[in-house]
Amino acid sequence: MRPETTLFSDVDTQCDFILPGGKLCIAGTDRIIPKLAVVTKLARRLGIRIVASTDRHFPGDPELTRNGGDYPDHCMDATRGQKKIDATAPLNPLFIESRELGETEIEALLQHQGELVFEKQLFDVFAGNHNAEKILARLLKRYADVVVYGVYTEVCVRDAVRGLLKFAPKLHVVVDAIADIGADGASHRDQWQTQGVDLITLAELESRLGGGNSRVNA
């Protein structure tokens with residue numbers, strides 16, 4: 001792996017999913033925060049581009065129980081819970097809404113040197129943001145490797161991996177920088193391996209990228 005041909009994919013590292021008291025936080029998820037911090041610092045130190053997804057919900061969204069959906073209010077627009085945690089907070093983000101974008105807008109965001117953040121109204125970024133697939137199809141032509149991390153294994157990380165497998169780069173999931181909802185996480189990791197996904201630890205990722213000695217043992 002080389003930093004210049006590697007892309008990091010940050011999946012839903014938001015307060016409502018990760019911090020204690022968050023609307024859809026599974027107890028103990030905050031244990032991965034030190035790992036997420038190291039992954040983010042590694043990207044910045046090596047100049048690796050970060051593409052992220054975030055839930056951004058509005059009162060009328062069909063995913064919410066108030067509208068007959070499966071999930072309580074979470075990551076609501078303009079709330080603290082919708083923000084990314086401090087460890088992964090972007091420095092120079094370009095937020096991509098789920099609306100029709102013109103070619104000029106797409107070209108501008110592809111040239112953006114900071115983080116690209118796909119805002120979505122469904123857990124699956126490829127279904128929840130109309131632009132995700134067409135933008136990533138163009139962006140990923142520049143990369144040989146994509147590194148995935150975030151929450152949760154059985155839902156949003158699963159959906160991100162499934163969608164990214166349609167493209168050419170080799171996928172790597174950082175197993176100690178993701179969190180499971182329950183016992184099904186292991187079966188998803190087994191399936192990913194059969195699909196050619198590389199399961200690695202943060203220490204292995206740093207070693208392959210030549211990222212120095214910033215590892216944590218948390």
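Within the protein one finds eight helices and seven strands. Here the protein has a C-alpha radius of gyration of 16 Å; the compact-globule value for 218 residues is 17 Å, and the two agree. Taking the principal axes of the C-alpha coordinates as reference, the protein spans close to 45 × 45 × 35 Å. In the protein, which comprises 218 residues, the proportion classed as buried is 53%. The contacts of the protein with a sequence gap of at least 6 include a subset with a gap of at least 24, amounting to 72%. A total of about 9,600 Å² of accessible surface is found on the protein, and carbon and sulfur atoms cover 51% of it.

Let's shift gears to the sheet that holds strand S6 (residues 170-179). Ordered in space as S3-S4-S2-S1-S5-S6-S7, the seven strands form an open sheet in which the pairing is parallel. Lying at the two open borders of the sheet, with one neighbouring strand each, are strand S3 (94-96) and strand S7 (198-200). Neighbour-to-neighbour, the strand axes of this sheet turn through a mean angle of 25 degrees, independent of strand direction. The sheet contact formed by strand S1 (residues 6-11) and strand S2 (residues 49-55) spans five bridges and is parallel. Looking across to S2, one finds that Val-11 is bridged to Ser-53. Packed on one face of the sheet, helix H5 (residues 132-139) meets S2, S3 and strand S4 (116-120) and runs near 160 degrees to S4. Docked against the sheet, helix H7 (residues 185-194) engages S6 and S7, running at close to 165 degrees with respect to S6.

Here the focus is the side chain of Asp-124. With respect to the secondary-structure elements, Asp-124 resides in the loop between S4 and helix H4 (125-128). Within the local environment of Asp-124, its side chain forms a polar contact with the backbone nitrogen of Phe-126, the two atoms lying 2.9 Å apart. With sequence-adjacent residues up to four places away left out, Asp-124 is seen in contact with Asp-159 and Arg-162.

Membership of the largest hydrophobic core comes to 61 residues, with the highest contact counts inside it found for Phe-8, Leu-136, Tyr-149, Leu-164 and Leu-205. Not counting residues up to four positions away in its chain, the partners in contact with Tyr-149 are Phe-8, Ser-9, Asp-10, Val-11, Leu-36, Val-39, Ile-50, Val-174, Ala-177 and Ile-178.

What follows concerns the side chain of Thr-153. Checked against the element boundaries, Thr-153 lands in helix H6 (residues 153-164). Its relative accessible area of 0% is what places Thr-153 among the buried residues.

Applying the stated criterion across every chain, the model contains 22 salt bridges. Between Glu-4 and Arg-2 there is a salt bridge, with its nearest N and O atoms 3.0 Å apart. Relative accessible area serves as the criterion here: at 48%, Arg-2 is assigned to the partly exposed category. For Glu-119, the salt bridge is made with Arg-56, and the minimal N-O distance between the two is 2.9 Å. Taken together, the residues span a long stretch of sequence, with Glu-119 in strand S4 and Arg-56 in the loop between S2 and S3 at a distance of 63 residues. In this structure, a network of salt bridges that share partners links the residues Arg-56, Asp-77, Glu-97, Arg-99, Glu-105 and Glu-119.

In this section: the environment of Arg-66. Inspection of the secondary structure assignment puts Arg-66 in the loop between S2 and S3. For Arg-66, a relative accessible area of 47% translates into the label partly exposed. The contacts of Arg-66, once residues within four sequence positions are left out, are Pro-59, Asp-73 and Met-76. A polar contact is formed between the side chain of Arg-66 and the side chain of Asp-73, at a distance of 2.3 Å.

For strand S5 (residues 145-151), a buried count of seven out of seven residues is recorded, marking the element as mostly surrounded by other parts of the structure. Neither face of S5 is open: one carries Asp-145, Val-147, Tyr-149 and Val-151, the other Val-146, Val-148 and Gly-150, and all of them are buried. Inspection of the sheet shows S1 paired to S5 by six bridges, in the parallel sense. Paired with Phe-8 across the two strands is Val-147, which belongs to S5.

Conventions used here
Residues numbered from 1 in each chain as written. Predicted model: local features only at pLDDT ≥ 70, side-chain atom pairs only at ≥ 80, totals over all residues. Heavy atoms only, no water. Helix = DSSP H or I, 4+ residues; strand = E, 2+ residues; numbered from the N terminus. Rg over C-alpha atoms; globule rule 2.2 N^0.38 Å. Buried < 20%, exposed > 50% of the residue type's maximum accessible area, 1.4 Å probe, protein only. Contact = heavy atoms within 4.5 Å. Areas by Shrake-Rupley, 256 points an atom, 1.4 Å probe, with all protein chains shown as cover. Pairing = 2+ DSSP bridges. Axes fitted to C-alpha atoms, helices over the stretch in contact; angles between N-to-C directions. Polar contact = N/O pair within 3.5 Å; in protein donor to acceptor, adjacent residues only side chain to side chain. Core = buried A, V, L, I, M, F, W, Y, C linked by side-chain atoms within 4.5 Å. Salt bridge = Lys/Arg side-chain N within 4 Å of Asp/Glu carboxyl O.

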